[in-house]
Amino acid sequence: NNMSDIVISKPGQFNYENRSWIRLLEFFKQENTMLKNRLAEVVDQKADRDFLALAEQFQNKFIVKDEFIDELRHDINKQLEEIVVNPDRLTDQKLLKNHQKLRNEMVYFEKEFTSLRNEFNKYLSDYI
């Protein structure tokens, strides 16, 4: 099997990247649900005011993350649909710029989400 026989097409790479983002967002959505459930469990057991104030801040951050996941997923799906309808658009500078923007947003989101999850877990470990 010769490496040069493998055809790596722009549409193929584009689809692969977009679909991997969708899978990653699904994972973050599930992870976020688990974080919210964990928060609810702990809030049921601990009721002091300081804890509740911080719990509310985390809850708000999780909600914001959910909204951002939904927006990103919508933007990625929209972009995928455009390519299905018109594959020639892959040479379109506007679309390529948008793709780069989405890539940057995914990298940023992944970092932010991981950081929030770590902060939350550390907070609970210190508190409990």
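Owing to the predicted nature of the structure, the values given are computational and were not obtained by experimental measurement.

Undergrad: A description of the overall build of the protein chain should follow, citing residues and the corresponding values.
TA: A count of helical and extended segments in the protein chain gives three helices and zero strands. Sequence-ordered secondary structure for the protein chain, helices as α and strands as β, is α-α-α. Against the globule reference of 14 Å for 128 residues, the protein chain gives a C-alpha radius of gyration of 20 Å, more extended than a compact globule. Once the C-alpha set of the protein chain is aligned to its principal axes, its extents read approximately 60 × 35 × 20 Å. In the protein chain, which comprises 128 residues, the proportion classed as buried is 30%. On the protein chain, the mean spot of the 20 positive side-chain charges and the mean spot of the 23 negative ones are 3 Å from each other.

Undergrad: Which residues make up the packing of helix H2 (residues 49-85) against helix H3 (residues 93-127), and what are the values?
TA: Look at H2 against H3: their axes get within 11 Å of each other, and the N-to-C directions meet at 155 degrees. Here H2 is positioned roughly antiparallel relative to H3, judged by the angle of their axes. Viewed along their axes, H2 and H3 form a crossing whose handedness is left-handed. When grouped by side-chain class, the residues that make up the contact of H2 with H3 number 19 nonpolar, three polar and seven charged.

Undergrad: Before we move on, can you summarise the pattern of salt bridges with the specific residues and values?
TA: Within the structure shown, the criterion is met by 11 salt bridges. A salt bridge links Lys-61 to Glu-119, with the nearest nitrogen and oxygen atoms 3.7 Å apart. With Lys-61 in helix H2 and Glu-119 in helix H3, this residue pair connects regions lying 58 residues apart in the sequence. By relative accessible area, Lys-61 is classed as partly exposed at 36%. Since its relative accessible area comes to 38%, Glu-119 is described here as partly exposed. The residue Asp-126 makes a salt bridge to Lys-122 at a minimum N-O spacing of 2.7 Å.

Reading the values: rules and limits
Every chain's residues receive numbers from 1 upward, in the order its sequence appears when written. In keeping with the model being predicted, local features are shown solely for residues with a pLDDT of at least 70 and side-chain atom pairs are shown and tallied solely at 80 or more, while totals for entire chains, interfaces and linings include all residues. Side-chain measures were taken over the full set of non-hydrogen atoms in the model, leaving aside hydrogen atoms and water. Put simply, DSSP H or I for four residues or longer makes a helix, DSSP E for two residues or longer makes a strand, and each gets a number counted from the N terminus. This radius of gyration counts C-alpha atoms alone. The globule rule is 2.2 Å times how many residues there are, raised to the power 0.38. For every residue, the accessible area obtained with a 1.4 Å probe (protein chains only) is divided by the maximum for its type, and the residue is called buried under 20%, exposed over 50%, and partly exposed between those limits. The convention is simple: Lys and Arg are positive, Asp and Glu are negative, and His and the chain ends are not counted. A charged residue contributes its charge at one atom only: NZ of Lys, CZ of Arg, CG of Asp or CD of Glu. The axes are straight lines fitted to the C-alpha atoms, using for helices just the contacting stretch, and the angles between their N-to-C directions are given from 0 to 180°. Relative orientations are named as follows: roughly parallel for angles under 35 degrees, roughly antiparallel for angles over 145 degrees, roughly perpendicular for angles from 65 to 115 degrees, and oblique for any other angle. By convention, the crossing between two helices is left-handed when the near helix turns anticlockwise from the far helix through less than a right angle, and right-handed when the turn is clockwise. Residue classes follow a fixed rule: Ala, Val, Leu, Ile, Met, Phe, Trp, Tyr, Cys and Pro count as nonpolar, while Asp, Glu, Lys and Arg count as charged, and any other residue, Gly among them, counts as polar. Counted as salt bridges are all cases of a side-chain nitrogen of Lys or Arg within 4 Å of a carboxyl oxygen of Asp or Glu.

Geometry only, nothing functional implied.
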